[in-house]
Structure formats: C-alpha cells, structure tokens
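Tertiary structure, described
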Amino acid sequence: PKYIDGKRNQDNVTYKHPMLESILNVTYGCMVYQEQVMQICQKMAGFSFGQADMVRRAMGKKDLKKMLKMEGIFLNGEQDENGNYKVDGAIRRGVPEAVAQDIFDEMKGFASYAFNKSHAAAYAVLAYQTAYLKRYYRTEFICAILNNRITNIEEIIKYVTYCKENGISVVQPDINQSLAPFHVEKGTIRFGLAAIKNVGGGAAESIVQEREKNGPFRSMSDFFSRVDSSAINKRLVESLINGGAFDCLGGTRAQYMSVYEGMMERAVKDKKSMATGQFSLFGDYIQEDITDHLPEVGEFENKQKLQSEKEVLGVYITGHPLEEIRAVLNTYSFHTGLLQAFEIDEDGNKSYEKVENGQAVTMGGSVQEVRKILTKSGREMAVIRLEDLYGTIEVVFFGQTYVKARPFLQKDNILKVVGRLQLKDEGTSITADEVSLLDLEEMAPKKQEPKKVGSPLGARALGDAPKRILYLRFDASLYQRVMDTLAAYPGNMPVRWVDQSKKTRNLECRVADCQGLRSELLAVLPSEKDIAYKDIK
C-alpha cells in the first residue's frame, strides 16, 4: 500500500533521513531490493561491500547472533586494535540514534523476504505473464495448473473445486476423449486419465497411444484386446469404470463392474494363444466379435455411484448427491453460486452484485472438511468447508454455537446453517448462529425402488450374513501390501491373519467373497496354501 500510494502521489513520498533519498527514490521511499539494504549500510554507516553483503546474508538466514553484531556496528561503528574507526557507524555520520535504529529495524524486517533486483525483475515478468494468461485464457491457465499438480489428489480437488466456483466446466474422463493429462476441449476441461486414482501416467499414455494409432475403442472387449495387458490391472480398470471413463461405450457402471474380470482374463488368454500360434484353423475367416454382452443388472444407486466416482476422482463430476434435494436447497436464502457475480474496481476491491457483508443467510450443504482450532484463550472452535451444488464456503463456529453444533460437524453430514456472511479480503465465510442436521433420504422426493444390483466387485450384498471366514498366512513384512489389497474389495467376510508364530488375529476389515480378491492375494502371498476359507455354521 505504501508503494502504490507513493507511485500515485509522488509529492507525498517521505524519507526517514535525507541520505535515503538517492537510494529509495526509484521505489517511492520503500525498500524493495536487497541491493538497497547494502547501499544504505554503505552510505549511512560506512560499510565496505563485503560487510554490507554480510548484513544481507545474516538477515536472509535469520542469523540472530550475526545480526546483533552487525546492528551494533551499523549504529556505533567498529574500531581496530589501536582504537581507530575502520567503520564509522550511522551515529558518527550524524544520524540521530533513534532514526538509525528505526532504519536498521526496517531493514531487518524487510530483508527476511526480499529478493535481489534481478530476481525480483524475473518474478515480476512471470507475475505479469501468468496474470495475463489467467485473465484472457482462464480455462487453459487453470488446466495447466491442474497438470502441474496431477499426481497430488488434494491439489486436484482444490483446483477442480475452484473451477466449479468460478464457472469453469470440468467434464468426466472418457476412454475415447481424454488424454493422459487434463486438456481443454470446447471451452471445458476434460479430466485426464493420469489424474484418476490407481491409473498413473504410464498406463494412461499406453491407452491414449493405442487409441490414437488404431482409432476409438468400440467396446470394453475391444479395449482389453488392444491395450497392452502389462499396462493395466484390475484396480486400474475399476477406477476407470467408477470414474465414468467407460460411460461413452453405452453400458452402465454396474454392468461393466460385473463383467470386466472375465473380459480381462479372456483377453489375456487370447493374446497368449496368438503369441504361441494356438489359434483356430479357420481364424482368418471368422470376423472378430467386439460386442459387449452385458448382463441386465441396471445401474448402481445414485448415491453409491457418485461416492465411488468421488473416491477415484476426488470430486463429484457427473452429478451431486444434493441434486435430489435441489428444490429444498433453493428455498434457502443463500448458495455459493451467488458469489460468482462480482466486480473488481481499479483498486482491486471486489464488490458483489447479489450479497453484502454481514447479511443474514441460510444455506444447506455437505461437510467436506472439519478443522478444530484452539483459540488464544484456550477455547475450542471449528471451521468447516461446506459444499453445495455450486461450490464450497467456509463456515466458522464459536462459543456456544460450536458446543451445540459439535455432534453434527462430521465429514459428509448434510447440514442447514443459519449465520452471517463475511465478505473479507482474506476470504469469504459464514459465521454460524444455528445449525441442524438434514436427512437426505427423508427430504428427497419419493421414487420407485430401483432394481437391486450386485456389489461393484460381484460379491454378496453388504447386508447379507457372511457364510465363511478368510484365513491368510503371511509374514509381517507383507502386512501393508495385504491390507492395501483387502481394502480394494470391501464386503462382509471376516478376515483372520495367521502370523509366523502361528498366532491368529482378527484384521480390522471385512472383504468381498469373490474370485477377484483371491486372484490379487495370490500375486502378493508366497503360495496358494497361504489362503484358506472356513465355513460359518
């Protein structure tokens, strides 16, 4: 602010001492460059170039011992062994002690974050370039940021959420449209295959290269027959299905989840047969059947479908669980979409068209994040991130409001919040006065019971009673790999671990009773004998 004011009103620029004018006049009386700190030390206190650089380095590294020594020399000078002054010091050069102390304190606070002039110039150019791109090529700019952070799911969540809040459309991954990274497609950002959990860059590139070489995939069978089998595995395929990448082929996610294992195994066998020459005598005359023969299992319930989507993409893309109660949410006075209508004046201040600071608001949304904070007085408060159909906003809970709300502040809970809107430079938030828990099922309009389908992994429904127990024998060194494998197959079958000492322990998980889990465990455990089942009577 001081720099900007000096630039606009140069007659108002002042200096703490006349010696500073020739050094700071180019930056309107403000210290901006490290070189200015060095020049002040030289001109005001008589430092040599080397001593001035020592001050800069000590300040930059926050070397308190050296800074204290240099402060004394800056103020009072330095004598040699004969009592002669080899450095005058600011006071001996006629600078009042209080002024000299004030100037050194300012240099000390400034130098901890300052750049040298060439470094500052390079950053300024970069800042102007990125600001220009964000202003005139906003979608491409955000897409580039996403790709710069493509291996960090938390960053992807943050910037996809930013897109939602700022009117930039992000569309689902597509096996025939997506590239490995995010890319801009007709004004929207297409989700990159490499950004899907469990996929990775190498596998994504392999899929894209095959598609670009031989054309779009016509079915899931076609996909498995063409893509290098070593580049894909079951967990990767499940993530592609749950992320919606196969939606373009016409089947439902429940259908693909119920048949993909058999298709994969058949494709691997066919490739091995072709490699060894074991193919039909009439193979050249039989046209390849690439049609997917999908079972009549319908689709997962919307809540399950969207939750699985969020697990692999980090965010909801094709829908939102709150969509079912849109009519109810629309009766409330506020939603985050109202924050998208604003103007910025020449001073950089933001003014909103449809809301104002301190306005009483009521909104509904799902809890995405909960942060508990201890105040300076030792009292607890909380800040949650609440997501509605348009974006997210922070909601702050203090005092008795927090005490009453505490049982409700859990991830994925649907809340109704009454409070005051806070429109501040550091961010927009709601200070809560009241909160209540909403029941999504009670509020949603009644609809015909959907046809039940199997679990994503072809296992029994989670509500069914387990019929047997899985026993696994493995060394403790394999514990994490085994647990990671089990976590990918949630179900209702209990698991027991038999360790090296033959001691049996319960594992804190239940898994699907299916061939897919057994196949993956065989890839982790030393022998088939390390897997056993015991029927529950």
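Our subject is the structure listed above.
Residues numbered from 1 in each chain as written. Predicted model: local features only at pLDDT ≥ 70, side-chain atom pairs only at ≥ 80, totals over all residues. Heavy atoms only, no water.

Description of the nonpolar core
Among the nonpolar cores identified, the biggest contains 52 residues, and Phe182, Ile189, Phe191, Phe223, Phe224, Leu240 and Phe246 are the most heavily contacted of them. Elements with a contribution of two residues or more to this core: α8 (138–148), α9 (153–165), α10 (201–214), α11 (220–226), α12 (234–242), α13 (253–276) and α14 (302–313). In terms of residues, this core owes the most to one element, α13, which gives eight residues. When neighbours within four sequence positions are excluded, leucine 240 is seen to be in contact with Ile175, Leu193, Ile196, Val199, Ile207, Phe223, Ala245 and Phe246. Listed in part, the 30 residues of the second largest apolar core include Leu20, Met59, Ile73 and Val87. (Core = buried A, V, L, I, M, F, W, Y, C linked by side-chain atoms within 4.5 Å. Buried < 20%, exposed > 50% of the residue type's maximum accessible area, 1.4 Å probe, protein only. Helix = DSSP H or I, 4+ residues; strand = E, 2+ residues; numbered from the N terminus. Contact = heavy atoms within 4.5 Å.)

Considerations on the sheet that holds strand β5 (residues 188–190)
Strand order across the open sheet formed by three strands is β3-β5-β4, with mixed pairing between neighbours. At either end of the open sheet lies a strand with only one pairing partner, and these are β3 (170–171) and β4 (183–185). Looking at chain direction, β4 and β5 are connected through three bridges and run antiparallel. Each bridged residue has a counterpart across the sheet, and for valine 184 the counterpart in β5 is isoleucine 189. In the packing of α8 onto the sheet, the strands contacted are β4 and β5, and the crossing angle to β5 comes to about 25 degrees. (Pairing = 2+ DSSP bridges. Axes fitted to C-alpha atoms, helices over the stretch in contact; angles between N-to-C directions.)

Examining the pattern of salt bridges
In the structure shown here, the tally under the stated rule is 26 salt bridges. A salt bridge links lysine 234 to glutamate 261; its shortest N-O distance comes to 3.5 Å. Of this pair, lysine 234 sits in helix α12 while glutamate 261 is found in helix α13, placing the two residues 27 residues apart along the sequence. When its relative accessible area of 13% is taken as the criterion, lysine 234 is described as buried. Note that glutamate 528 and arginine 518 form a salt bridge whose closest N and O atoms lie 3.0 Å from each other. Highlighted residues: glutamate 528 in the loop between α19 (515–524) and β16 (531–535) and arginine 518 in helix α19, separated in sequence by 10 residues. Its relative accessible area of 18% is what places arginine 518 among the buried residues. If you follow the salt bridges from partner to partner, you end up with Glu210, Arg218, Asp222 and Arg226 in one network. (Salt bridge = Lys/Arg side-chain N within 4 Å of Asp/Glu carboxyl O.)

Remarks on unusual backbone geometry
Unusually for a residue other than glycine, tyrosine 28 sits at a positive phi of about 55 degrees. By the element assignment, tyrosine 28 lies in the loop between α2 (21–24) and α3 (34–45). Note on tyrosine 28: relative accessible area 17%, which makes it buried. Here lysine 186, not a glycine, exhibits a phi torsion of approximately 55 degrees, which is positive. Turning to its location among the elements, lysine 186 is positioned in the loop between β4 and β5.

Some remarks on a positive patch on the surface
Among the surface-exposed residues, Lys61, Lys66, Lys69 and Lys86 lie close enough to one another that they form a single positively charged patch. Locating lysine 69 in the fold gives a position in helix α5 (residues 64–76). Using a relative accessible area of 54% as the deciding quantity, one classes lysine 69 as exposed. (Patch = residues over 30% accessible without salt bridge, like charges linked within 9 Å, V, L, I, M, F, W, Y side chains within 5 Å. Areas by Shrake-Rupley, 256 points an atom, 1.4 Å probe, with all protein chains shown as cover. Lys, Arg positive; Asp, Glu negative; His and termini not counted. Charge placed at Lys NZ, Arg CZ, Asp CG, Glu CD.)

Some points on the side chain of glutamine 422
Within the element layout of this structure, glutamine 422 appears in strand β11 (residues 414–424). When near neighbours in sequence (up to four residues on either side) are disregarded, glutamine 422 contacts Asn357, Gly427, Thr428, Ser429 and Thr431.

A closer look at α14
Along its 12 residues, α14 runs 16 Å from first to last C-alpha, staying within 8% of the 16 Å computed at 1.5 Å per residue. Restricting attention to buried positions, one finds in α14 the residues Leu306, Ser308, Glu309, Lys310, Val312 and Leu313. Count one or two residues on from α14 and you reach glycine 314, which has phi positive near 90 degrees. (Expected span 1.5 Å × (residues − 1).)

A few points about the environment of isoleucine 241
Tracing the backbone through its elements, the reader meets isoleucine 241 in helix α12. The sequence separation of isoleucine 241 and aspartate 174 amounts to 67 residues, and the corresponding C-alpha distance is 9.9 Å. When neighbours within four sequence positions are excluded, isoleucine 241 is seen to be in contact with Met220, Phe246, Arg253, Tyr256, Met257 and Tyr260.

Considerations on the sheet that holds β16
One open sheet holds the four strands; their spatial order is β15-β14-β13-β16, and the pairing between them is mixed. Since the sheet does not close on itself, it has two edges, and those belong to β15 (504–511) and β16, each with one partner. Taking each pair of neighbouring strands and ignoring which way they run, the sheet shows an average axis angle of 30 degrees. Against the sheet, helix α18 (residues 479–487) makes contact with β13 (468–473), β14 (490–498) and β15, and its axis sits at roughly 35 degrees relative to β15, the strand it touches most.

Things to note about the pairing of β15
Sheet analysis places β14 next to β15, joined by six bridges and oriented antiparallel. Across the sheet, the residue bridging to tryptophan 497 is arginine 505, located in β15.

A short note on the packing of helix α4 (residues 49–60) against α5
For the pair α4 and α5, interaxial distance at closest approach is 9 Å and the crossing angle is 140 degrees. Between α4 and α5, the interaxial angle falls into the category oblique. The way α4 lies across α5 gives a crossing that is left-handed. On α5, the residues touching Gln51, Met54, Val55, Ala58 and Met59 of α4 are Lys66, Met67 and Met70. (Parallel < 35°, antiparallel > 145°, perpendicular 65-115°, else oblique. Left-handed = near helix turned anticlockwise from the far one by under 90°.)

A closer look at the packing of aromatic side chains
This model, assessed by the stated rule, comprises 12 aromatic pairs. Between phenylalanine 223 and phenylalanine 224, the aromatic rings sit 5.5 Å apart at their centres with planes inclined by 70 degrees, giving edge-to-face as the arrangement. Their ring planes at 45 degrees and their centres at 5.4 Å tell us that tyrosine 479 and tryptophan 497 sit as a pair that is tilted. With tyrosine 479 in helix α18 and tryptophan 497 in strand β14, this pair connects stretches of sequence that are 18 residues apart. Owing to a relative accessible area of 7%, tryptophan 497 belongs among the buried residues under this scheme. (Phe/Tyr/Trp six-rings, centres within 6.5 Å; stacked < 30°, edge-to-face > 60°.)

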